[in-house]
Amino acid sequence: MRLSITHYSATSAAGTGLAALRESLATRQSGLRRNDFPDCDLDTWIGRVPGVEDVVLPAGLEHLQSRNNQLAWLGLQQDSTLDAIAALAERLGPSRIGVVMGTSTSSIGRTEEAYTQLEASGRMKPEYRQPEVHNLHSPGIFVAAVTGITGPSLTISTACSSSAKVFATATRWIKHGLVDAALVGGVDSLCLSVLYGFNSLELVSSEQCRPFDRDRGGINIGEAAGYAILTRRDLAPDAELLLAGYGESSDAYHMSHPHPEGKGAIYSMSRALERAAMAPGEVGYVNLHGTASKANDKVETYALAERFTDTTLVSSTKAWTGHTLGAAGILESVIAIDTLETGLLPGTLNCEHTDPEFRFPVMTDNVEKTIDCSMTNSFGFGGNNASLVFRRRDD
Amino acid sequence: MTELQLIGLGTWSPKHGNWAEFCTGVTTGDWRDDVMLQPDLIPPRERRRAPQLVKMAIEVMDQACKIADLAPDDVAIVFSSVMGDLQITDYMCTALAQTPKLVSPTKFHNSVHNAAPGYWSITTGAFCPASAVSAYEFTSTMALLEASVQAVEEQTPVLCVTQEIAAPLALMDTCPSEVPFSAAFLLAPAGYSDAPLATLRFAVEPGEAEWPALEEGFAEFASNMSARLLPLLASLARGDDANLSFPVNAATRIVISASLDGS
């Protein structure tokens, strides 16, 4: 089942809102900066969204205070997203809209903070006893509360594929008639758990990340919030942009290493194309997972070589934004969807030397080209993969 | 109205080791004490290293597949828990509150919410889709709804796990889970099996619902937000048809009926 995409927006280090993101991509201006995250002395670069800590949650929602919800709120205020949701709720009724959010670590930054000042008894101080914050559904709770959507709401947390999988769940809900439309999205914010966690796995780079470069030295952690509104096609018959297909798979290999031949990635891309009833040659651009880790980038080219020919242009945008983990799916979906609108295909930033081990060419310069179909890949720890196909309407 | 089949069940807590023991407990009041968690599917050496939350999930998933006589690499997964691995969250946050901040790489990669489906995929060789979800206090009902919709719309069996381990002290005020509980529902589209355990019918409708009361024998699970489908499991264990309403959020409820004769 194809769905209309009636609205989309993203906020990341590469720009707060869509116009700023487009500008960064067009001018090849990275949003990465030297690590200046409080209480973190790691020698690395990060994709930090300016001003998140100054965002004030709406009156009445102070009990949901966390960096993650501040970022969720900042993102929701861009590109008239709140107006689009309000108009949809007015038309369909708030109970006919679902909320499906993706996150890897939810509001754990707030939990980390609470642990630095526990009471002598071992309990959290009263101001940190926020049951609706210290759980994985915190972004779903916040987004439903602030938008007034009352339909089913769920948060998916499958590491770095989380907010790509929200499109699959929303499609099934709408196809089943559970809801008529869905607000999907993802929010992940910088926190010590991921900075020190990825550092413990020796996956964090001390320089700006260089996806698909021969000399790539690992990832930069980033943060982002993004949203899209999906509806049944008859509810938005004039919508130009469609979600055409999704594919989900597991790797059956290792908790933190991709399958060495990219088997899970091949399954997710193949299932997405199959559902979209499209041939690989019809895809003009793929926004890759491309984290700049040694293993991911190599294996992703293996998987691409199994499905595509080099008439399909592919790149990673993580050198603009950092790896935004549970928000990478929605952020890179927005970038992939927007290529259909702008015709600007972003070449991989910071990639100077191609790796002889690669089996598929990765574009390094921006290309202007009108395309009808784009894809995105998101692969996560636990060997959890999702691929999405977007297209311009053809009927 | 959504119709589907329940073709397998698995469950574990410190007072019952599997579905048969759960049925005995419900019908006779005889429960065990301090049941060990020893999932056969995980090789013994790996078992020692695997987190409790992962072992609980693998145990009940394996039980449900065995009851359904279904190969474990042939089912999609919807894993759910309110808070994920509370012990690892406690470990990470404690370690990060100290100087220097040192965390174990293994504990970090096990901290992802999809650790259990990840281990399942690695252990069984399954390339099937796998999800891990939360809906705070509505996690168990939303997971069952998510898995049911997936089973029907993808025409595939889906293994739905709902579970919570016991919370450490610092997280007790926000996720007060005192006794671990885990259950797996193996769901399949209508017509999938000739001999389902039950036919399930769902209706999702606007309106509030109270959580159905837990019977006396389940008092220790009252604080475990992932044990709120116990009234449905108890009804199935007694061999009774069920017709129960549960909230899926503050404004929406799901009405679930289960008929055991397959009608």
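Residues numbered from 1 in each chain as written. Chains lettered and ligands numbered in written order. Predicted model: local features only at pLDDT ≥ 70, side-chain atom pairs only at ≥ 80, totals over all residues. Heavy atoms only, no water.

Engineer: Which parts of the structure should I look at to understand the overall build of chain A?
Structural biologist: From N to C terminus, chain A includes 11 helices and 16 strands. Seen along its three principal axes, the alpha-carbon backbone of chain A occupies a region of about 60 × 50 × 40 Å. A burial count over chain A gives 68% of its 395 residues as buried. For chain A, the proportion of contacts with a sequence separation of at least 24, taken over those separated by at least 6, is 78%. As displayed, chain A has an accessible area near 12300 Å², and 48% of this comes from carbon and sulfur atoms. Charged side chains in chain A number 33 positive and 46 negative. The centres of these two groups are separated by 5 Å. (Helix = DSSP H or I, 4+ residues; strand = E, 2+ residues; numbered from the N terminus. Buried < 20%, exposed > 50% of the residue type's maximum accessible area, 1.4 Å probe, protein only. Contact = heavy atoms within 4.5 Å. Areas by Shrake-Rupley, 256 points an atom, 1.4 Å probe, with all protein chains shown as cover. Lys, Arg positive; Asp, Glu negative; His and termini not counted. Charge placed at Lys NZ, Arg CZ, Asp CG, Glu CD.)

Engineer: Would you take a moment to explain the overall build of chain B for this structure?
Structural biologist: Scanning chain B from terminus to terminus reveals eight helices and eight strands. What you see for chain B is a C-alpha radius of gyration of 18 Å, in line with the 18 Å of a compact globule of 263 residues. Along the first, second and third principal axes, the C-alpha atoms of chain B reach 60 × 40 × 40 Å. Going through the 263 residues of chain B one by one, you find that 62% of them count as buried. In chain B, the proportion of contacts linking residues at least 24 apart, taken out of those at least 6 apart, comes to 72%. Accessible surface for chain B amounts to roughly 9400 Å². Of this, 49% is attributable to carbon and sulfur atoms. When the 14 basic and 31 acidic side-chain charges of chain B are each reduced to a single mean position, those positions are 10 Å apart. (Rg over C-alpha atoms; globule rule 2.2 N^0.38 Å.)

Engineer: Explain the nonpolar core here, please?
Structural biologist: If you look at soluble globular proteins, the nonpolar side chains tend to sit buried side by side. Ranked by internal contacts, the top residues of the largest apolar core, which has 105 residues, are A:Phe142, A:Phe198, A:Tyr227, B:Leu159 and B:Leu186. The element contributing the most residues to this core is helix H3 (residues 52–68) of chain B, with 10 residues. The residues touching B:Leu186, leaving out its near neighbours within four places in the chain, are B:Gln5, B:Leu6, B:Ile7, B:Gly8, B:Ala64, B:Cys65, B:Ala68, B:Leu70, B:Val75, B:Pro157, B:Val158 and B:Leu159. Judged by nonpolar contacts, the second largest core, of 98 residues, contains A:Leu3, A:Leu32, B:Phe22 and B:Ala143. (Core = buried A, V, L, I, M, F, W, Y, C linked by side-chain atoms within 4.5 Å.)

Engineer: Looking at this structure, how should I read the packing of aromatic side chains?
Structural biologist: Under the definition given, this model contains 15 aromatic pairs over all chains. Among the aromatic side chains, those forming a connected cluster through ring pairs are B:Trp19, B:Phe22, B:Trp31, B:Phe181, B:Phe218 and B:Phe221. The side chain of A:Arg359 reaches across the aromatic face of A:Tyr302, ending 3.5 Å from its centre. Directly above the ring of B:Tyr91 sits B:Lys107, whose terminal nitrogen or CZ lies 4.8 Å from the centroid. (Phe/Tyr/Trp six-rings, centres within 6.5 Å; stacked < 30°, edge-to-face > 60°. Lys NZ or Arg CZ within 6 Å of the ring centre and 35° of its normal.)

Engineer: Teacher, can you tell me more about unusual backbone geometry here?
Structural biologist: For residues that are not glycine, phi is negative in most cases, and the peptide bond is trans in most cases. At the junction of B:Thr99 and B:Pro100, the peptide bond is cis and its omega measures out at -10° in the coordinates. Within the secondary structure, B:Pro100 is located in the loop between helix H4 (86–96) and helix H5 (105–110). One non-glycine residue, A:Ala159, adopts positive backbone phi at about 55°. With a phi close to 85°, A:Ala292 is a non-glycine residue in the positive phi region. With respect to the helices, strands and loops of the structure, A:Ala292 is situated in the loop between strand S11 (285–287) and helix H9 (294–307). According to the relative accessible area criterion, A:Ala292 is buried, its value standing at 0%.

Engineer: What am I meant to see in the interface of chain B and chain A here?
Structural biologist: In many analyses, interface size is given as the accessible surface area lost on bringing the parts together. Taken together, the 57 residues of chain B in the interface contact 66 residues of chain A. Together, the buried faces of chain B and chain A total about 5000 Å²; carbon and sulfur atoms form 65% of this surface. Inspection of the region where chain B meets chain A yields five salt bridges. Measuring nitrogen to oxygen at the nearest pair gives 2.7 Å for the salt bridge that ties B:Glu154 to A:Arg172. At the surface where chain B touches chain A, the tally comes to 25 residue pairs in polar contact (both at pLDDT 80 or more). Of all the secondary-structure elements, those providing two or more residues to the side of chain B that touches chain A are H4, H5, helix H6 (115–124), strand S3 (130–134), helix H7 (139–154) and strand S6 (198–206) of chain B. Strand direction decides the pairing type here: strand S6 (residues 153–156) of chain A and S3(B), joined by two bridges, are antiparallel. Each bridged residue has a counterpart across the sheet, and for A:Ile156 the counterpart in S3(B) is B:Val133. (Buried area = accessible area lost by both parts, 1.4 Å probe. Salt bridge = Lys/Arg side-chain N within 4 Å of Asp/Glu carboxyl O. Polar contact = N/O pair within 3.5 Å; in protein donor to acceptor, adjacent residues only side chain to side chain. Pairing = 2+ DSSP bridges.)

Engineer: Would you mind showing me how to read the confidence of the model for chain B here?
Structural biologist: Segments scoring low in pLDDT should not have their predicted coordinates read at a detailed level. Here chain B averages 95 in pLDDT, while 99% of its residues score no lower than 70. What the predictor reports for the complex is a pTM of 0.98 with an ipTM of 0.98. (pLDDT = per-residue confidence, 0-100.)

Engineer: What exactly am I supposed to notice about the confidence of the model for chain A here?
Structural biologist: In this model, chain A carries an average pLDDT of 98, and 100% of its residues clear a pLDDT of 70 or more. Confidence scores differ between elements of chain A, with H9(A) showing the lowest mean pLDDT of 97 and strand S9 (residues 224–231) of chain A the highest of 99.

Engineer: I tried to follow the pattern of salt bridges on my own but got confused; where do I start?
Structural biologist: Applying the stated criterion to the full structure yields 41 salt bridges over all chains. The salt bridge partner of A:Asp372 is A:Arg392, with a shortest N-O separation of 3.1 Å. Here A:Arg392 lies in strand S16 (residues 384–392) and A:Asp372 lies in the loop between strand S14 (367–368) and strand S15 (373–380), a separation of 20 residues in the sequence. A:Asp372 sits in the partly exposed class, given a relative accessible area of 43%. In this structure, B:Arg201 and B:Glu3 form a salt bridge, with 3.3 Å as the shortest nitrogen-oxygen distance. Taken together, the residues B:Arg201 in strand S6 and B:Glu3 in strand S1 (residues 2–12) connect sequence positions 198 residues apart. Its relative accessible area of 39% is what places B:Glu3 among the partly exposed residues. What you see here is one network of salt bridges that share partners, running through A:Arg33, A:Asp36, A:Arg48, A:Glu53, A:Arg67 and A:Glu223.

Engineer: What's the story with the packing of helix H1 (residues 18–27) of chain A against helix H11 (residues 328–342) of chain A in this structure? I'm lost.
Structural biologist: Working note: a packed helix pair is described by the angle between its axes plus the distance between those axes. Residue and element names in this part refer to chain A. In the contact formed by H1 and H11, the axes pass within 12 Å of each other and the chain directions differ by 80°. On the basis of the axis angle, H1 is roughly perpendicular to H11. Taking contact as the criterion, the partners of Leu18, Leu21, Arg22 and Leu25 in H1 are, on H11, Val334, Ile335, Asp338, Glu341 and Thr342. (Axes fitted to C-alpha atoms, helices over the stretch in contact; angles between N-to-C directions. Parallel < 35°, antiparallel > 145°, perpendicular 65-115°, else oblique.)

Engineer: Explain the sheet that holds strand S3 (residues 33–34) of chain A here, please?
Structural biologist: In sheet architecture, strand pairing relies on hydrogen bonds along the backbone and comes in two forms, parallel and antiparallel. Residue and element names in this part refer to chain A. Reading across from one edge, S3-S4-S8 is the order of the three strands in this open sheet, with mixed pairing throughout. This sheet does not close on itself; its edge strands, each paired only once, are S3 and strand S8 (221–222). In this structure, strand S4 (residues 45–47) lies alongside S8, joined through two bridges in parallel fashion. Bridging across to S8, Ile46 finds its partner in Ile221.

Engineer: Explain H11(A) here, please?
Structural biologist: Because an α-helix packs 3.6 residues into every turn, residues spaced three or four apart end up facing the same way. Residue and element names in this part refer to chain A. Here H11 spans 20 Å end to end across 15 residues, near enough to the 21 Å set by a 1.5 Å rise per residue. Taking burial as the measure, the 15 residues of H11 include 13 buried ones, the bulk of the element. Two residues or fewer after H11 comes Gly343, characterised by a positive phi angle close to 70°. (Expected span 1.5 Å × (residues − 1).)

Engineer: Looking at this structure, I do not really get the environment of B:Val133. What am I missing?
Structural biologist: Structurally, B:Val133 can be placed in strand S3. Sequence separation of B:Val133 and B:Phe79 is 54 residues, and the distance between their C-alpha atoms is 6.3 Å. For B:Val133, the contacting residues outside a window of four places in its chain are A:Leu154, A:Thr155, A:Ile156, B:Val78, B:Phe79, B:Ser80, B:Ser81, B:His113, B:Thr139 and B:Ala143.

Engineer: Before we go on, may I ask you to explain the packing of helix H8 (residues 263–276) of chain A against H9(A) in this structure?
Structural biologist: Residues and elements named next belong to chain A. In the contact formed by H8 and H9, the axes pass within 9 Å of each other and the chain directions differ by 40°. As the angle between them shows, H8 and H9 are arranged oblique. The handedness of the crossing between H8 and H9 is right-handed. The residues of H9 that touch H8, namely those facing Ala265, Ile266, Met269, Ser270 and Leu273, are Ala303, Leu304, Glu306 and Arg307. Of the residues that constitute the contact of H8 with H9, the class distribution is six nonpolar, one polar and two charged. (Left-handed = near helix turned anticlockwise from the far one by under 90°. Nonpolar A, V, L, I, M, F, W, Y, C, P; charged D, E, K, R; others polar.)

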